[in-house]
Amino acid sequence: MSLMIRNGEIVAVGSRYKADLYIEDEVVTRIGKDLEAPPNTEVVDATGKLVFPGFIDPHVHIYLPFMATFAKDTHETGSIAALVGGTTTYIEMCCPNRNDDALEGYQLWKSKAEGNSACDYAFHMSVTKYIDETESQLRQIVADGTASFKIFLAYKNFFGVDDAEMYKTLELAKRLGVIVTAHCENAELVARLQQKLLAEGKTGPEWHEPSRPESVEAEGTGRFATFLENTGATGYVVHLSCEKALRAALTAKSRGVKIHVESVLPHFLLDKTYAERPGVEGMKHVMSPPLRAKHNQDVLWDALAMRSIDTVGTDHCPFDTEQKLLGKDSFVNIPNGIPGIEDRVNLLYTYGVKRGRLDLDRFVDSASTRAAKLFGLFPRKGTIAVGSDADLVIYDPDYRGVVSAQSHQVNNDYSGFEGMPIEGRPSVVTVRGKVQVRDGKFVGERGRGKMLKREPSHF
Ligand SMILES: [Zn+2]
């Protein structure tokens, strides 16, 4: 089966031009003007549309046991939501906790995805403890194609690692050529501040942010950077939320530390007043690092435009209203997370590109290409070129709509971005040459997604 995309304006990093794309056997095989095609080729007319490489979300949670409950999406619902929103590949955090066996956890996470995802996917392997078996287990996991790790400096006694474990993980990662992603908040300070606030009777969701202030994230970011500096490993800060933490990362980068930065959708568009809303409305907007004071948003947008922030992910993590209410008596029991997998591309396009904060090149780079390069997926993913997978987003910049839980595909009863207008959305989305989405609806093949095997590349 072959597919022709006619007359679109192709936008990839470093290039923008009008052409036809011809796709055969899952990859782009020809790019040019007025291409000829065999008679039974499926044709998509992209006149007036932008054609982007499929977008990559480098940070999602799909299967996630957390705080005695499970995030709401499955790979079936999460991947459809991703595709409708233009994301054709996601990288899921594989998160066994400290009491679980790492290899068993890895197999469990893989089994949840296999045969169920409609888009391609990969994993970051969380290292949540470092014991005798860890090195051999991680070597097996890397050999299986999962060439990135995740560590948590936060979530003491659950996901979190101490400094010794962080050192050992980075030292091994350096030897294996694996990039290490990190959640950077000081676990001890978070625990102490939570206790202090609760002892003062401060239990509502508005106290979540003060329990993990900007300085706590900046300390974690700086410490991670120092450990990278002293091991020579390559690191990637996930969901960096504020100016203080950004300074810590950039200071390290300026002295040659191999540190990359991701920020996630909520921190660009939502501020801490959302979590200060009364009751469950506030709880819906609790994530970690928390939503911050508004002035940080301009800092993040500027840093993104200047490439100081490499990528935009979501930290997609849907807990519904009932689950959020587990924290009604204490903010420390609110399951952390805001869903966003479906909204990232449209909101970044609307509030970045259309508002003049991002040019199209940086938009494509930060939402697709850069992640592909950092995580060993390029040029198979993240670009439009002969030989690359035909993951394509034919984007309608004239579409007007509103984000709402009433119409979204995510398996959750609210949206963190409810009511936000969008100016643009995918009209057709393909996964390896198969049309999976048309005009906001999934029309494709469930279970089409494959796990993407990746080689270490950070030596
Ligand atoms: Zn996360």
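Because the structure is a prediction, the values reported are computed rather than measured. (Residues numbered from 1 in each chain as written. Predicted model: local features only at pLDDT ≥ 70, side-chain atom pairs only at ≥ 80, totals over all residues. Heavy atoms only, no water.)

S.K.: Whenever I open this one, the coordination of the zinc ion confuses me. Can you help?
M.R.: For a metal with four tetrahedral donors the ideal donor-metal-donor angle is 109.5 degrees, whereas six octahedral donors ideally subtend 90 or 180 degrees. The protein atoms that coordinate the zinc ion are His59 (NE2), His61 (NE2) and Asp315 (OD), at distances spanning 2.0 to 2.1 Å. Expressed as a motif, the donor residue spacing for the zinc ion is H-x1-H-x253-D. Here His61 is found in the loop between strand S6 (55-60) and strand S7 (65-66), whereas its partner Asp315 is found in the loop between strand S15 (311-313) and helix H12 (321-324), with 254 residues between them in sequence. The burial state of His61 is the same as that of Asp315; both residues are buried. (Donors = N, O, S within 2.8 Å, 3.2 Å for Na, K, Ca; no water. Helix = DSSP H or I, 4+ residues; strand = E, 2+ residues; numbered from the N terminus. Buried < 20%, exposed > 50% of the residue type's maximum accessible area, 1.4 Å probe, protein only.)

S.K.: Explain the packing of helix H4 (residues 163-176) against helix H7 (residues 214-231) here, please?
M.R.: The description of two helices packed together rests on the angle between their axes and the distance between the axes. The N-to-C vectors of H4 and H7 enclose an angle of 45 degrees; their axes lie 10 Å apart at closest approach. The orientation of H4 with respect to H7, classified from their angle, is oblique. In this structure, H4 crosses over H7, and the sense of that crossing is right-handed. Along the contact surface, H4 presents Asp163, Met166, Tyr167, Leu170, Glu171 and Lys174, while H7 presents Arg223, Phe224, Phe227, Leu228 and Thr231. Residue classes in the contact of H4 with H7 are distributed as 6 nonpolar, 1 polar and 4 charged. (Axes fitted to C-alpha atoms, helices over the stretch in contact; angles between N-to-C directions. Parallel < 35°, antiparallel > 145°, perpendicular 65-115°, else oblique. Left-handed = near helix turned anticlockwise from the far one by under 90°. Contact = heavy atoms within 4.5 Å. Nonpolar A, V, L, I, M, F, W, Y, C, P; charged D, E, K, R; others polar.)

S.K.: Looking at this structure, I do not really get the pairing of strand S16 (residues 392-402). What am I missing?
M.R.: For a regular strand, side-chain orientation follows a simple rule: the groups alternate between the two sheet faces. As defined by bridge partners, strand S5 (residues 50-53) adjoins S16 across 4 bridges and the pair is classed as antiparallel. By the bridge assignment for S16, Leu50 is matched with Tyr395. Examined bridge by bridge, S16 and strand S17 (residues 421-431) share 8 bridges and lie antiparallel to one another. Bridge pairing in S17 places Ile394 opposite Val428. (Pairing = 2+ DSSP bridges.)

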